[in-house]
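Residue-level listing of the chains:
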Amino acid sequence: RKEVEQDPGPFNVPEGATVAFNCTYSNSASQSFFWYRQDCRKEPKLLMSVYSSGNEDGRFTAQLNRASQYISLLIRDSKLSDSATYLCVVPRDTGRRALTFGSGTRLQVQP
Amino acid sequence: GAVVSQHPSWVICKSGTSVKIECRSLDFQATTMFWYRQFPKQSLMLMATSNEGSKATYEQGVEKDKFLINHASLTLSTLTVTSAHPEDSSFYICSARVPGQGIYGYTFGSGTRLTVV
């Protein structure tokens, strides 16, 4: 089983749609989780951290289900500018805490 | 905010030559730098962790003699791809943890697109 697994997509949605991505992780001891956004071959940028109680930042909502070891990201009212690849990220719990990235889910918002 | 400057942004080199990629932390001291590689349509994969003043730690399957990492100062880490081959063509990106920001303080260089012809 991969450490962090995501549906690669692509998800093609119209502007204004609501879209959700899921991610599963294999290490039950993981404590911290993030969603990053990556535009084509650029550096990833932190979108939001994922807290156990779930958290919301504007149109974005992240949730964590520890029992099932999955993380979700919900985007409401999709904008054209949301088109990107969304990476599910889990820090290692050993060593210098390097980040483990999922393969990413590609979102294409269409006019 | 904390910035990591990565150069060059892109490079084309001939097979058999070496290429050096630099990452500098501009306003903080980075004792550790992570080096990732990303092939098309794949995710970022950790290659190695460089540690200031000591040897880098390489991930399984990454040839340390081919990917030379030097972290001689608290603000500079370099990755040299030696005897590059077309299969080394990839997007290389560095990342550092910003002191004092705990698990939330990761910053990335802008990446280097390497094409070996």
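A quick note: this is a predicted structure, and the numbers were derived from the prediction, not measured.

Analysis parameters
- Residues numbered from 1 in each chain as written.
- Chains lettered and ligands numbered in written order.
- Predicted model: local features only at pLDDT ≥ 70, side-chain atom pairs only at ≥ 80, totals over all residues.
- Heavy atoms only, no water.
- Helix = DSSP H or I, 4+ residues; strand = E, 2+ residues; numbered from the N terminus.
- Rg over C-alpha atoms; globule rule 2.2 N^0.38 Å.
- Buried < 20%, exposed > 50% of the residue type's maximum accessible area, 1.4 Å probe, protein only.
- Contact = heavy atoms within 4.5 Å.
- Areas by Shrake-Rupley, 256 points an atom, 1.4 Å probe, with all protein chains shown as cover.
- Lys, Arg positive; Asp, Glu negative; His and termini not counted.
- Charge placed at Lys NZ, Arg CZ, Asp CG, Glu CD.
- Phe/Tyr/Trp six-rings, centres within 6.5 Å; stacked < 30°, edge-to-face > 60°.

1. Points about the overall build of chain B
(1) Moving on: Of the regular secondary structure elements, chain B holds zero helices and eleven strands.
(2) Moving on: Taken from N to C terminus, the helices and strands of chain B fall in the order β-β-β-β-β-β-β-β-β-β-β.
(3) Moving on: Taking 117 residues into account, the globule formula puts the C-alpha radius of gyration at 13 Å, and chain B, at 14 Å, falls close to it.
(4) Moving on: For the C-alpha atoms alone, the extent of chain B along its principal axes is close to 40 × 30 × 25 Å.
(5) Moving on: A burial count over chain B gives 50% of its 117 residues as buried.
(6) Moving on: Residue pairs in contact within chain B that sit at least 24 positions apart in sequence constitute 52% of those at least 6 positions apart.
(7) Moving on: Put simply, chain B shows about 5700 Å² of open surface, and 52% of that area lies on carbon and sulfur atoms.
(8) Moving on: Averaging the coordinates of the 10 positive side-chain charges in chain B and doing the same for the 8 negative ones gives two points 4 Å apart.

2. A few points about the packing of aromatic side chains
(1) Moving on: Inspection of the entire model under this criterion finds twelve aromatic pairs over all chains.
(2) Moving on: When the centroid spacing of 5.4 Å and the interplanar angle of 35° are considered together, the rings of Phe21 of chain A and Tyr86 of chain A count as tilted. Of this pair, Phe21 of chain A sits in strand β3 (residues 19–25) while Tyr86 of chain A sits in strand β9 (residues 84–91), placing them 65 residues apart in sequence.
(3) Moving on: On the numbers, 5.4 Å between centres and 90° between planes, the contact of Phe101 of chain A with Tyr36 of chain B is edge-to-face. Separated into two different chains, Phe101 of chain A in strand β10 (residues 99–101) and Tyr36 of chain B in strand β4 (residues 32–38) make up a pair that spans both.
(4) Moving on: On the basis of relative accessibility, which here comes to 6%, the residue Phe101 of chain A falls in the buried class.

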